[in-house]
Amino acid sequence: MMSLPCVVVLVLAGVGHATSESRRYIDLTHDLDKDAVFWPGVPSLNLTNLQKGRMPGGFWLEYNVFSVGEHGGTHMDAPAHFSENGWHTSDIPLHRLMGPGVVVDISERAKNNPDAQLTVEDLQKWEEMYGKIPSNAWVLLNSGWTKKWKDRAAFFGSDNTEDSSTFHFPSISGDAARWLWENRPYITGVGLDTASIDSGPSREYPAHRALLPNRRIGLENVANLDQLPPAGAMIYAIPLKLKDGTGGPMRLFAVVGDGSSCAAAFRLNLMFVVSLYLAYLFLR
Ligand SMILES: [Zn+2]
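Because the structure is predicted, anything quoted here is derived from the model rather than measured. Position numbers for residues start from 1 in each chain and track the written sequence from start to end. Restriction of local features to residues with pLDDT of at least 70 applies here, the model being predicted, together with a cutoff of 80 or more for giving and counting side-chain atom pairs; totals for whole chains, interfaces and linings are based on all residues. The basis for the side-chain values is all heavy atoms of the structure; hydrogens and waters are excluded.

Overview of the overall build of the protein chain
By the criteria applied, helices consist of DSSP H or I runs no shorter than four residues and strands consist of E runs no shorter than two, each listed in order from the N terminus. What the protein chain contains, in helices and strands, is 7 helices and 12 strands. Accessible area is worked out with a 1.4 Å probe on protein chains only. A residue is then buried under 20% of its type maximum, exposed over 50%, and partly exposed in between. Taking all 284 residues of the protein chain together, 44% fall into the buried category. Pairs of residues are marked as contacts when any of their non-hydrogen atoms sit within 4.5 Å. Contacts in the protein chain between residues far apart in sequence, at least 24 positions, make up 74% of those at least 6 positions apart.

Section: helix H5 (residues 174–183)
Where H5 is concerned, the buried positions are Gly174, Ala176, Ala177, Trp179 and Leu180. For H5, the secondary structure elements touched by its buried residues are strand S6 (117–118), helix H3 (120–130), strand S7 (138–142), strand S8 (171–172), strand S9 (189–192) and helix H6 (206–211).

Section: the pairing of strand S2 (residues 46–54)
A pair of strands is labelled paired if DSSP reports no fewer than 2 bridges between them. Pairing analysis gives 8 bridges linking S2 to strand S3 (residues 60–67), with the strands arranged antiparallel. In the strand pairing of S3, Asn46 is matched with Ser67. Hairpin connection from S2 to S3: 5 residues lie between these consecutive antiparallel strands, with Gly58 at a positive phi of about 95°.

Focus on the pairing of S7
A large share of S7 lies buried, amounting to 5 of its 5 residues. Of the two faces of S7, the one carrying Trp138, Leu140 and Asn142 and the one carrying Val139 and Leu141 are both buried.

With respect to the confidence of the model for the protein chain
Averaged over the protein chain, the pLDDT score is 90; the fraction of residues at 70 or greater is 86%. This model gives residues 6–20 a pLDDT under 50, and the stretch forms 11 contacts once residues within four places in sequence are excluded. A score between 0 and 100, pLDDT records how confident the predictor is in each residue.

Digging into the pattern of salt bridges
Counted as salt bridges are all cases of a side-chain nitrogen of Lys or Arg within 4 Å of a carboxyl oxygen of Asp or Glu. As enumerated under the stated definition, the model contains 10 salt bridges in all. Notably, a salt bridge pairs Asp175 with Arg178, separated by 2.9 Å at the nearest N-O pair. Linking Asp175 with Arg178, this pair stays in helix H5, spanning 3 residues, or about one helical turn. Where Arg209 meets Glu204, a salt bridge forms, and the shortest distance between an N and an O atom there is 3.5 Å. A residue is classified by how much of its surface remains accessible, and Arg209, at 48% relative accessible area, is partly exposed.

What to know about the nonpolar core
We define a nonpolar core as any set of buried Ala, Val, Leu, Ile, Met, Phe, Trp, Tyr and Cys residues linked to one another through side-chain atoms lying within 4.5 Å. Core analysis: the largest hydrophobic core is formed by 36 residues, its most contacted members being Leu123, Ile133, Val139, Ile172, Leu180 and Val190. Looking at this core, the elements that each hand over two or more residues are strand S5 (98–105), H3, S7, helix H4 (152–156), H5, S9 and H6. Here this core takes 4 residues from H5, the largest share from any one element. Contact partners of Val139, with chain neighbours within four places excluded, come to Val102, Leu123, Ile133, Leu180, Ile187, Gly189, Val190 and Gly191. If you look at the next biggest cluster of nonpolar residues, it comprises 22 residues, including Leu28, Met76, Ala237 and Ala254.

Regarding the coordination of the zinc ion
Note that water is not among the atoms considered, so a metal site may appear incomplete; the donors listed are N, O and S atoms within 2.8 Å of the metal, with 3.2 Å applied to Na, K and Ca. Taken together, His71 (ND1), His75 (NE2), Asp77 (OD) and Glu220 (OE) make up the protein donors of the zinc ion, found 1.9 to 2.4 Å from the metal. A four-donor site is called tetrahedral if each angle lies between 85 and 135 degrees; a four-donor site is square planar, and a six-donor site octahedral, when trans pairs exceed 155 degrees and the remaining angles lie between 65 and 115; all other cases are labelled irregular. In this structure, the zinc ion is coordinated by 4 donor atoms arranged in irregular fashion, with angles at the metal of 76 to 172°. In the primary structure, the donors to the zinc ion are separated according to the pattern H-x3-H-x1-D-x142-E. Asp77 gets classed as buried once you look at its relative accessible area, which sits at 0%.

Section: the packing of H3 against H5
Contact geometry of H3 with H5 gives a least axis separation of 8 Å together with a crossing angle of 50°. Judged by the angle between their axes, H3 and H5 are oblique. Along the contact surface, H3 presents Val120, Leu123, Gln124 and Glu127, while H5 presents Asp175, Ala176, Trp179 and Leu180. Only Asp, Glu, Lys and Arg are considered charged in this grouping, and only Ala, Val, Leu, Ile, Met, Phe, Trp, Tyr, Cys and Pro are considered nonpolar; every other residue, Gly among them, is considered polar. Residues that form the contact of H3 with H5 fall into these classes: 5 nonpolar, 1 polar and 2 charged. Axis definition: a line fit to C-alpha positions, over the contact stretch in the case of helices; interaxial angles, taken between N-to-C directions, run 0 to 180 degrees. An angle below 35 degrees is read as roughly parallel, one above 145 as roughly antiparallel, one from 65 to 115 as roughly perpendicular, and any other as oblique.

Printed below as a string of structure tokens:
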């Protein structure tokens, strides 16, 4: 027959397991393939196979060569993209590639207005609901554009996909970008699910210019932002360590439920169970 302490241990272990948050990985990267969206004039992916087949020794060998413009697909804008002495891709310290995700959802507004922008009010509203934007945050705009990815005309909001002055897609307002730098300068950077953090026709690039020269980073053509919680995800933005790069294709992903809460819950339960067992020993 099972002793009382054993029963208590099993029950509490079960409760601990049920309440601990499990870890989920969310890929925020579109496939880099021939259909990936590139800004007009930026060469898209050119992938050429050099070897694919069985070798005389009987083993399989396969490899390619590729070239690709830096600013296409799911990619990073390094500070050097908009600043003479800014960090190039290879200069960005590793701790500036990760941070908590602040996800602002304007997808409802963007349904009726493809030129909808992230505003200062959106950021303040987020803070009212979830607290102050945390240190090293990636501020990410979900406009619902990820669904249009495979349709270049829909993604750019124009039938003339070679003329950016005709583009209509959601972006970050200059005011919101300046507000972030002036009031939350500790953020890592910003990102969004459209082709540019500035609006398509813009030639002033206020969002790029407010952030990149100040060593903040941009993430563009981000995928699956609709799968992230508004707060609580950890974002990892990993570009190639391209010397003198001004950004480039990257693997971007999120981890939701970092496991630390699970470990903490386990430690707490363990302490509780040990205390109960000691009390039982004393009192029986
Ligand atoms: Zn870019």
